[in-house]
Amino acid sequence: MNRRDFVGGAAAIAAASAIVAPAQAAKPLIVCQRGLGGYIPTPWGGMDNLAQKIEARGYGKTIVVGPGVYPELAQKRPIAILGISAGGATALEMAATCKPKVVITIDPTFNRGAVPGVKCFNIYNSLNVLGSNRVKGAILNLDLQDVASLHIFLAHDKRVQMAALNLLGANI
């Protein structure tokens, strides 16, 4: 599978869209949003790694971006949006624009609340200093206190990724 990383913004979205092969065009779009420092891939690559697993399971074509609401991407009507930290907060914001089937947040830094009509699941660790938020209106707020990972590493944790993958697979 040909996987590339893109820096956020309209140019990145256009570039990512241009490499979708005709055979992949029918697959639903899934947006993965990194945290605040995530405009570039990180060595631990939590959201990038999660995106690869989403594609490996055949759930859809993923685009990994930094946190933010991308009007051009929202117009493509993604079936799901996942995000960690600031990316989780903006995943909820973006969901209000494009109404995907499901939003999965991982320890979002701001609690904007779930979007009516969109299935929302939140995975967090209430013992972390950053994030540690329940999402009001979420179908599930899963507090993984036994996950020893710091806030910025939560998306890399195998148990967090497994929870996200299972929630996504059951709801798209």
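Since the structure is predicted, the reported quantities are computational estimates derived from the model, not experimental observations.

Conventions adopted
Per chain, the residues get numbers from 1 upward, laid out in the order the sequence is written. Local features in a predicted model are, by the rule used here, given only for residues with pLDDT of at least 70; side-chain atom pairs are given and counted only at 80 or more, and totals for whole chains, interfaces and linings are based on all residues. Just so you know, side-chain values use all the structure's heavy atoms and leave hydrogens and water out. Put simply, DSSP marks the helices as runs of H or I at least four residues long and the strands as runs of E at least two long, and each gets a number from the N terminus on. For every residue, the accessible area (1.4 Å probe, protein chains only) is compared with the maximum for its type, and the residue is labelled buried under 20%, exposed over 50%, or partly exposed between those bounds. Only heavy atoms enter the contact rule, under which two residues are in contact if any of them lie within 4.5 Å. We get accessible surface area from the Shrake-Rupley algorithm with a probe of 1.4 Å; when it comes to residues, only the shown protein chains can shield them. In this description, a nonpolar core means a group of buried Ala, Val, Leu, Ile, Met, Phe, Trp, Tyr and Cys residues linked to one another through side-chain atoms lying within 4.5 Å. A residue's pLDDT is the predictor's confidence in that residue, given on a scale from 0 to 100. Note on definitions: angles span 0 to 180 degrees between N-to-C directions of axes, and those axes are lines fitted to C-alpha atoms, for helices only across the stretch in contact. Between 65 and 115 degrees an angle is taken as roughly perpendicular, under 35 as roughly parallel, over 145 as roughly antiparallel, and anywhere else as oblique. Should the near helix be turned counterclockwise from the far one by less than a right angle, the crossing is left-handed, whereas a clockwise turn marks it as right-handed. Residue polarity follows a fixed list, in which Ala, Val, Leu, Ile, Met, Phe, Trp, Tyr, Cys and Pro are nonpolar, Asp, Glu, Lys and Arg are charged, and the others, Gly among them, are polar. Should DSSP find at least two bridges between two strands, the strands are regarded as paired. With strands facing away from the observer, any crossover in which the path from the first strand over the helix to the second runs clockwise is taken as right-handed.

**Section: the overall build of the protein**
Phase 1 of the analysis: Counting its regular elements, the protein contains five helices and six strands.
Phase 2 of the analysis: Each helix (α) and strand (β) of the protein, taken in turn from the N terminus, gives the series α-β-α-β-α-β-α-β-β-β-α.
Phase 3 of the analysis: Across the 172 residues that make up the protein, the buried fraction comes to 53%.
Phase 4 of the analysis: Restricting to contacts in the protein with at least 6 residues of sequence separation, those with at least 24 account for 51%.
Phase 5 of the analysis: Approximately 7800 Å² of the protein is accessible, and the part contributed by carbon and sulfur atoms is 60%.

**Side note on the nonpolar core**
Phase 1 of the analysis: By size, the foremost hydrophobic cluster in this structure holds 27 residues, and its most contacted members are Ile54, Leu82, Ile104 and Leu168.
Phase 2 of the analysis: Breaking this core down by element, the ones donating at least two residues are strand S1 (29–33), helix H2 (46–56), strand S3 (80–84), strand S4 (102–106), strand S5 (119–124) and helix H5 (158–171).
Phase 3 of the analysis: The residues touching Leu82, leaving out its near neighbours within four places in the chain, are Ile30, Val31, Cys32, Gln33, Met47, Leu50, Ile54, Ala91, Ile104, Ala164 and Leu168.
Phase 4 of the analysis: Among the nonpolar cores identified, the runner-up in size contains 20 residues, and Leu29, Leu73, Leu92 and Cys120 belong to it.

**Quick notes on the confidence of the model for the protein**
Phase 1 of the analysis: Confidence in the prediction for the protein averages 81 pLDDT; 79% of positions are at 70 or higher.
Phase 2 of the analysis: Per-residue pLDDT stays below 50 along residues 1–24; that stretch engages in 36 contacts with residues further than four places along the chain or on separate chains.

**What to know about unusual backbone geometry**
Phase 1 of the analysis: In this structure, Ser85 takes a positive phi of about 60 degrees despite not being glycine.
Phase 2 of the analysis: Tracing the backbone shows Ser85 in the loop between S3 and helix H4 (86–98).
Phase 3 of the analysis: Despite not being glycine, Lys99 shows a phi value in the positive range, around 50 degrees.
Phase 4 of the analysis: Along the chain, Lys99 turns up in the loop between H4 and S4.
Phase 5 of the analysis: Given a relative accessible area of 43%, Lys99 falls into the partly exposed group.

**A look at the packing of H2 against H5**
Phase 1 of the analysis: The geometry of H2 relative to H5 is characterised by a closest axis approach of 11 Å and an angle of 40 degrees between their N-to-C directions. Our classification of the angle between H2 and H5 gives oblique. For H2 against H5, the interelement crossing comes out right-handed. Counting all contacts with H2, which are made through Gly46, Asn49, Leu50, Lys53 and Ile54, the residues of H5 involved are Gln161, Ala164, Leu165 and Leu168.
Phase 2 of the analysis: Broken down by class, the residue content of the contact of H2 with H5 amounts to five nonpolar, three polar and one charged.

**So, the pairing of S3**
Phase 1 of the analysis: In terms of residue burial, S3 counts as a mostly covered element, since five of its five residues are buried.
Phase 2 of the analysis: Burial along S3 is two-sided: Ala80, Leu82 and Ile84 facing one way and Ile81 and Gly83 facing the other are all buried.
Phase 3 of the analysis: Bridging between S1 and S3 involves four bridges; their strand directions are parallel. In the strand pairing of S3, Val31 is matched with Ile81.
Phase 4 of the analysis: Both S3 and S4 contribute to a ladder of five bridges, which runs parallel. Counted as the bridge partner of Ile84 is Ile106 from S4.
Phase 5 of the analysis: Running through H4, the crossover from S3 to the neighbouring parallel element S4 is right-handed.

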